[in-house]
Amino acid sequence: MFSASVQPSVVSLFSSTGSDPLALFSSHCDTSLPSDSFVCILNDSTSEPAPPAPRTLIEVKDADDDDNSPDYALGQSVLHIQSPTLRTTYIRCPPAGPSSTTQSRRAPEHLGLKHPWMHLQVRNLHREWAFEVGLVDQSGREGIVRCATFQKEPRLKLGRSPMLLLPLSFPPPSTRPLTSWCTMAIHLPSLLPHFSSAALTRKHEDEVSSPAGPSQYQYHTTQVPSGTYSHVSYVKVYATCRLRRVWFSEGGPQQRLPWEFQLYAAE
């Protein structure tokens, strides 16, 4: 998608205040839950415009009602993603296309961004939430990193698509004096060595193996990414959250950003 393009030091993949925020994304909802599973654009401070019926917004409130610290909302449009079923409600870039078994068909679907840092501006809605990013090494081997609030400890699932499962937590209210919005920064190259972690692999094998015999999973033939980081293949953001921006950078959290990347509270 971007592999053949000149890539500046900062690339904004998603901005909720753009003219067409989901131009590079596909959105997916749980069709069996028409009132609870949806993706929409609304103002963070007013939660308007309300989504069309039968969709019903969840109540947005603090996790600790006894906490008297302010929780400022943004005076901007944001992307609201909600569902009780995370796996079926998400946005993805590049958009998910028809399945294909040929490498030539799959290659154009890669995002192709080579930046080492990924950033997300997200609001904690005190529901389960997750996001995924596909990482590719210099040899073309791909692994998936999934960060989730419901994940208790790191695990590595080896199979057709190796997946590194990492715990994710928002700052507690005691360290959030102003807002439940936060900016997350992930250094992608530092995650590749974990795909070769014997400890994480053994932990998962112990959980899935059957007492009646050896595990049915063929882990020893899995091609896991290792060595030098090459690029990102895709990004997927699941329910339930509010999303302001997703971008990639060369310099990480210390890199100077344009003013529009900042978070501004409603008056």
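These numbers were taken from a predicted model, which means no experiment stands behind them.

**Re the overall build of the protein chain**
Argument step 1. Within the protein chain, the regular secondary structure consists of 2 helices and 13 strands.
Argument step 2. Taken across its 267 residues, the protein chain has 43% of its residues classed as buried.
Argument step 3. The long-range share in the protein chain, meaning contacts at least 24 apart out of those at least 6 apart in sequence, stands at 76%.
Argument step 4. Accessible surface for the protein chain amounts to roughly 13900 Å². Of this, 51% is attributable to carbon and sulfur atoms.

**What to know about the nonpolar core**
Argument step 1. Core analysis: the biggest nonpolar cluster contains 44 residues, and F131 and V237 have the highest contact counts within it.
Argument step 2. Non-local contacts of V237, meaning those with residues more than four positions away in its chain, are made with I81, T89, Y90, I91, L120, W129, A130, F131 and L243.
Argument step 3. With 6 residues, the next largest nonpolar core counts F38, C40, V78 and W181 among its residues.

**Examining the sheet that holds strand 10 (residues 163-167)**
Argument step 1. Overall, mixed pairing links the 7 strands, which are arranged 2-5-12-7-8-10-9 in an open sheet. Whereas interior strands pair on both sides, the edge strands pair on one side only; in this sheet they are strand 2 (26-28) and strand 9 (155-157). The average undirected angle you get between the axes of adjacent strands in this sheet is 20°.
Argument step 2. Here strand 2 runs beside strand 5 (residues 90-93); their pairing, made up of 3 bridges, is antiparallel. Directly across from H28, in strand 5, lies its bridge partner Y90.

**Quick notes on the environment of F25**
Argument step 1. The residue F25 is located in the loop between strand 1 (10-15) and strand 2 in this model.
Argument step 2. Given a relative accessible area of 8%, F25 falls into the buried group.
Argument step 3. Here the alpha-carbon distance between F25 and V235, two residues 210 residues apart in the chain, equals 9.2 Å.
Argument step 4. Residues within four places of F25 in sequence aside, it is in contact with L13, F14, I91, R92, C93 and P95.

**Here's the deal with the environment of F14**
Argument step 1. As for its placement among the helices and strands, F14 is situated in strand 1.
Argument step 2. Its relative accessible area of 1% is what places F14 among the buried residues.
Argument step 3. Discounting chain neighbours no more than four positions away, the residues touching F14 are P21, L22, F25, L79, L243, R244, R245 and V246.

**Re the packing of aromatic side chains**
Argument step 1. Using the criterion set out here, one finds 6 aromatic pairs in the structure.
Argument step 2. Between W129 and F131, the ring centres sit 5.5 Å apart and the planes meet at 40°, which makes this aromatic pair tilted. This pair shows no difference in class: W129 is buried, exactly as F131 is.
Argument step 3. Connected via pairs of aromatic rings, a cluster forms that spans W129, F131 and F170.
Argument step 4. Geometry around Y234 places R92 over its ring, the cationic atom sitting 4.4 Å from the centre.

**With respect to the environment of G227**
Argument step 1. By the element assignment, G227 lies in the loop between helix 2 (198-208) and strand 12 (229-238).
Argument step 2. We classify G227 as exposed; its relative accessible area is 66%.
Argument step 3. Taking the C-alpha atoms as reference, G227 lies 7.5 Å from Q138; in sequence the two are 89 residues apart.

**Here we look at the side chain of S16**
Argument step 1. Examined against the element boundaries, S16 turns out to sit in the loop between strand 1 and strand 2.
Argument step 2. Residue S16 is classed as buried on the basis of its relative accessible area of 2%.
Argument step 3. Within polar-contact distance, the side chain of S16 engages the backbone oxygen of S77 at 2.6 Å.
Argument step 4. If near-sequence neighbours (up to four positions away) are discounted, S16 is found in contact with P21, I41, S77, V78, L79, L243 and R244.

**Concerning the confidence of the model for the protein chain**
Argument step 1. For the protein chain, mean pLDDT is 85; residues scoring 70 or higher make up 82% of the total.
Argument step 2. Within the protein chain, the lowest mean pLDDT, 44, falls on helix 1 (residues 103-106), and the highest, 98, falls on strand 5.
Argument step 3. Low pLDDT, under 50, characterises residues 208-220; the predicted model gives this stretch 8 contacts beyond four residues in sequence or across chains.

**Structural notes on the side chain of S230**
Argument step 1. Inspection of the secondary structure assignment puts S230 in strand 12.
Argument step 2. In terms of polar contacts, S230 uses its side chain to reach the side chain of H231, at 2.9 Å.
Argument step 3. Apart from the residues lying within four places of it in its own chain, the contact partners of S230 are K114, V136, D137 and Q138.

Here is what the cut-offs are and how they apply
- Residues numbered from 1 in each chain as written.
- Predicted model: local features only at pLDDT ≥ 70, side-chain atom pairs only at ≥ 80, totals over all residues.
- Heavy atoms only, no water.
- Helix = DSSP H or I, 4+ residues; strand = E, 2+ residues; numbered from the N terminus.
- Buried < 20%, exposed > 50% of the residue type's maximum accessible area, 1.4 Å probe, protein only.
- Contact = heavy atoms within 4.5 Å.
- Areas by Shrake-Rupley, 256 points an atom, 1.4 Å probe, with all protein chains shown as cover.
- Core = buried A, V, L, I, M, F, W, Y, C linked by side-chain atoms within 4.5 Å.
- Pairing = 2+ DSSP bridges.
- Axes fitted to C-alpha atoms, helices over the stretch in contact; angles between N-to-C directions.
- Phe/Tyr/Trp six-rings, centres within 6.5 Å; stacked < 30°, edge-to-face > 60°.
- Lys NZ or Arg CZ within 6 Å of the ring centre and 35° of its normal.
- Polar contact = N/O pair within 3.5 Å; in protein donor to acceptor, adjacent residues only side chain to side chain.
- pLDDT = per-residue confidence, 0-100.

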